[in-house]
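Understanding the architecture of this molecule
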Amino acid sequence: MDELLRRVAAVDPDRVAVVTHDVTRTYGQLADDALRVAAALTARKIRRFAIAEVEAAAVLPLLAGASLVGAEACQYPPDGPDELRALVERFDHDVLVTDRDDLQGIALEVLAVGDLLAGAGSEDGGVELPEVADDAVRPHLVLTTGTTGAPRGVRHDWNRLVRGTARVRPAPEERWLLAFGLHQFAGLQVLLHVAASGAALVAPAPRRPIEGLDAMRALGVTHASATPTYWRFLIAQMRSDGGPVPALRQVTLGGEAIPGPLLGELRTAFPDASVSQVYAASEFGSTGSMRDGRPGLSVDVLERGDEADVDMRIVDGELWIRSRSGMLGYHGEPEIDADGWRATGDRVEIEGDRILFRGRTSEIINVGGVKVHPLPIEERVAAVPGVVMARVFGRPNAMTGAIVALEVVTAPGTDPDTLKAAVKAACADLAPASRPRSIKIVDDIATTGSKILRREP
Amino acid sequence: MSTATADVQKTVTDFLSSIEKLPEGFGADTPLYADGAGLDSLETAELSATLEDVHGSDPYSVGEMPQTLGEILAFYAGA
C-alpha cells in the first residue's frame, strides 16, 4: 500500500489523494504521514493493531505505515463500544487506534491517531525502520460481516493485493467515490485501484447513498463503485430530490448479485457513464470486471488453466475460484493453500455464454424440500410498477420448514392491496414453492453493509 | 387485530377467497383440506403465516393441525 502512495508522490507529490467535505490530502502528505506512522509503530514495537476510525484521510496513513514495516492493521466496522470490545477480544488486539471517546479502555492500549501520525517522537527520533524482505508477508486483516455467524478475520498480504493492480492504468483525472467502508474488502479494492491509478478518493462519511449522492454533486466524483442495493437507493434518492444528475463516467457494481434490470436503469440514469461489474470477495480478492453491460460473467472466465492468476469453475451449481491475490487464511485457524481452489458460496447457472448468479448458497430457501433461489423472485417483483425495492427471504414455517417471504418498499401513492395483487399475479407462473406466501409493505429494506439481507437476523 | 371469533373467521374466509378456495356454505365444520376447502401444504403454510401476521399467533406454529375453521377458532378461544 505504501509503495503505491510513494510511487505517485515521487512524480507528483502535490496531487490530491483524498478529498472529503472538510479535508484534502495529497499523495506527498499521505506518504509522509505513512512514514511517521511506520516510525511510531517501530518505536512502540507494535506488530498488530486495530483501527476504529472512519475518516479515510486518517486511516490511509495507518494502513500504509503498517504495510511499510510489515505490521498487521485491522480496520474495524463503525460499531458501538460493546461490539468493538467483542472484536478486540476475539481477534486478540492489544492495541486500538481511535479518536473516539467512547472506546477508551476497551483494549490494553488505546492510542489516538495523532499518537502515530506524530512519528517516533522527539525522544525516539531517528528510529530505523526494519527491513522487510520483498517476498515477506505484509499482513492485513479484513473482518467478515458475521451475518452467518461470528465475524472471521481474513488474513491478506499487501504484496498479493497490490499484485492485482498490475494492469491498472494511470488516471490522475479520475475522482472515485468511496461508497464502502475501509473495513470492507470492497473498500480496500477501491482504495488500491485509486492509489494504483494515481486518482483521487472522495470519501464522505458516513458512507450512505444520501452522503454519496451529495459528494458526487459537490466534490466532482467521476467514478463510483457500490453495491446494487446502494445504487438502487441512490437512484431513488436522486429521483426524489430532483437535483442535478452527477456527471459520472463510470458506474461499477459489486458485492452482491446484480439484478439484470438494474444495469439498464443505471445506463438510463447516468447516460454518460460506462457500467461495469466486479466480482470479488474478502476471501478470494478481485477477479476483474465485466464491462459489456450484460448480467453475470462471461463463460470465458472458466477453466483458464494453471497459468492464470484467477481461474474459475462450477462445482454442483456453485462457483469455485483459484486466485493468486486471495487471502492467506483465517485468523486463528489452520493454514490453507492460499493458491488453491475455494468454494465461493455463490450459486450460479450457465445461460448461453453467461454465468448468471442465483444468490448465495446460504440464502437458498428450503420450502418443504424444494430449494428456492431468492434473486430471480426479487427481480420479478422489482419489475412490478409501484415497487421501489424488494427483499425475498425464507420465513420459518411449521408446515413446510420455510416459506418464501417478501418485503416491498412502494412508490408514494401506491395502493397496498392493488400492489399485493399485482405481485401475486407477477409470480403466479412460478413454481408453487417459489411464490411469495407472505407479502409485507415496509418503509425500508433490511440491509447489512449496504447489501440486502436475505437471511433473517 | 383481536382474536375475537368474528375477526379470526374473517381472516380465514378472506384468505380462502384470495386464493379462490372458499367453498360454498363454508362454516365452522367444513374441512380445510381435501374435500373441503382443499388447501395444499403450501397454502396451509400461507394460512399459518397470515394468521400469525394478523393475530400474533397461529395454531400451526405451536404444533397443532386444525382440521376445520372451528378448530382454529377454538385455538384462539383457548389462548
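Residues numbered from 1 in each chain as written. Chains lettered and ligands numbered in written order. Predicted model: local features only at pLDDT ≥ 70, side-chain atom pairs only at ≥ 80, totals over all residues.

Pairing between the strands of a sheet comes from backbone hydrogen bonds, and it takes one of two forms, parallel or antiparallel. On the basis of which strands lie adjacent, the open sheet formed by 3 strands has the order 23-24-25 (chain A) and mixed pairing. Two strands in the sheet have a free side with no partner beyond their single neighbour: strand 23 (387-397) and strand 25 (438-441) of chain A. Each neighbouring strand pair of the sheet contributes to a mean axis angle of 20°, computed without reference to strand direction. Sheet analysis places strand 24 (residues 401-410) of chain A next to strand 25 of chain A, joined by 4 bridges and oriented parallel. Bridging from a neighbouring strand, A:Val408 pairs with A:Ile441 of strand 25 of chain A. The sheet contacts of helix 11 (residues 374-382) of chain A involve strand 23 and strand 24 of chain A, and relative to strand 23 of chain A the element is tilted by about 140°. Helix 2 (residues 41-55) of chain B contacts strand 23, strand 24 and strand 25 of chain A of the sheet and is inclined by roughly 105° relative to strand 23 of chain A. (Pairing = 2+ DSSP bridges. Helix = DSSP H or I, 4+ residues; strand = E, 2+ residues; numbered from the N terminus. Axes fitted to C-alpha atoms, helices over the stretch in contact; angles between N-to-C directions. Contact = placed C-beta atoms within 7 Å.)

Turning next to the sheet that holds strand 13 (residues 274-281) of chain A. Residue and element names in this part refer to chain A. An order of 2-1-10-9-11-12-13-14 is seen for the 8 strands of this open sheet, with the pairing classed as mixed. Across the chains shown, the open sheet's two edge strands, defined by having one partner strand only, are strand 2 (24-26) and strand 14 (285-290). Mean inter-strand twist for the sheet, computed between neighbouring axes without regard to direction, equals 20°. By the bridge criterion, 4 bridges tie strand 13 to strand 14 in an arrangement that is antiparallel. Note that in strand 14 the partner of Ala281 across the bridge is Gly285.

A few words now on unusual backbone geometry. In this structure, the amide linkage connecting A:Ala205 to the following residue, A:Pro206, adopts the cis form with an omega of -5°. Take A:Pro206: it is sitting in the loop between strand 10 (200-202) and helix 8 (209-218). The backbone of A:Lys45 sits at a positive phi, close to 55°, despite the residue not being glycine. Along the chain, the position of A:Lys45 falls in the loop between helix 2 (27-43) and strand 3 (48-51). Its 7 C-beta neighbours within 10 Å are what place A:Lys45 among the exposed residues. One non-glycine residue with positive phi stands out, namely B:Glu20, at about 60°. In this structure, B:Glu20 sits in the loop between helix 1 (5-18) and helix 2. Exposure remark for B:Glu20: the 6 C-beta atoms within 10 Å place this residue in the exposed category. (Buried ≥ 20, exposed ≤ 12 C-beta atoms within 10 Å, placed from the backbone.)

To continue, consider helix 7 (residues 185-197) of chain A. Because an α-helix packs 3.6 residues into every turn, residues spaced three or four apart end up facing the same way. Residues and elements named next belong to chain A. Between its first and last C-alpha atoms helix 7 spans 18 Å; for 13 residues at 1.5 Å apiece the expected length is 18 Å, and the two agree. Of all 13 residues in helix 7, 13 are buried; the element is thus mostly enclosed. Positive phi shows up at Gly198, right after helix 7, with a value of about 70°. (Expected span 1.5 Å × (residues − 1).)

All right, on to the confidence of the model for chain B then. Confidence along chain B averages 92 in pLDDT terms, with 99% of residues attaining 70 or more. Overall fold confidence (pTM) sits at 0.74, and the ipTM for the predicted complex is 0.92. (pLDDT = per-residue confidence, 0-100.)

Right, let's get into the packing of helix 1 (residues 2-11) of chain A against helix 2 of chain A. All names here are of chain A. For the pair helix 1 and helix 2, interaxial distance at closest approach is 8 Å and the crossing angle is 135°. Between helix 1 and helix 2, the interaxial angle falls into the category oblique. Between helix 1 and helix 2 lies a crossing of left-handed hand. In this structure, helix 1 contributes Asp2, Leu5, Arg6, Val8 and Ala9 to the contact, and helix 2 contributes Tyr27, Gly28, Leu30, Ala31 and Ala34. By residue class, the composition of the contact of helix 1 with helix 2 is 7 nonpolar, 1 polar and 2 charged. (Parallel < 35°, antiparallel > 145°, perpendicular 65-115°, else oblique. Left-handed = near helix turned anticlockwise from the far one by under 90°. Nonpolar A, V, L, I, M, F, W, Y, C, P; charged D, E, K, R; others polar.)

Right, let's talk about the pairing of strand 16 (residues 310-315) of chain A for a bit. All names here are of chain A. Pairing of strand 16 with strand 17 (residues 318-323), which is carried by 6 bridges, proceeds in the antiparallel orientation. Along strand 17, the bridge assignment pairs Met312 with Ile321. What sits between strand 16 and strand 17 in their antiparallel hairpin is a turn of 2 residues, with Asp316 showing a positive phi close to 50°.

Here the focus is the environment of A:Arg100. Residue and element names in this part refer to chain A. Looking at the element boundaries, Arg100 is found in the loop between strand 5 (95-97) and strand 6 (109-111). Judged by C-beta crowding, with 16 C-beta atoms within 10 Å, Arg100 ranks as partly exposed. Sequence spacing of Arg100 and Ala112 is 12 residues, and the spatial spacing of their C-alpha atoms is 8.4 Å.

General note: in soluble globular proteins, nonpolar side chains tend to be found buried as a group. All names here are of chain A. Counting 109 residues, the largest nonpolar core has Leu5, Ile51, Leu62, Leu96, Leu178, Leu201 and Val202 as the members making the most contacts within it. The biggest single contributor to this core is helix 3 (residues 56-69), with 11 residues. Apart from the residues lying within four places of it in its own chain, the contact partners of Val202 are Val19, Arg175, Trp176, Leu177, Leu178, Ala215, Leu219 and Val221. Counting 26 residues, the second-largest nonpolar core is a separate cluster that includes Val367, Ala390, Ala405 and Ile439. (Core = buried A, V, L, I, M, F, W, Y, C linked by C-beta atoms within 7 Å.)

Residues and elements named next belong to chain A. Where helix 9 (residues 228-241) contacts helix 10 (residues 260-269), the two axes come as close as 11 Å, and the packing angle between them is 40°. When the axes of helix 9 and helix 10 are compared, the pair comes out oblique. The element helix 9 and its partner helix 10 pack so that their crossing is left-handed. Contact with helix 9, carried on its side by Pro228, Trp231, Arg232, Ile235 and Met238, involves Leu262, Glu265, Leu266 and Ala269 of helix 10 and no other residues of that element. Residue composition of the contact of helix 9 with helix 10, by class: 7 nonpolar, no polar and 2 charged.

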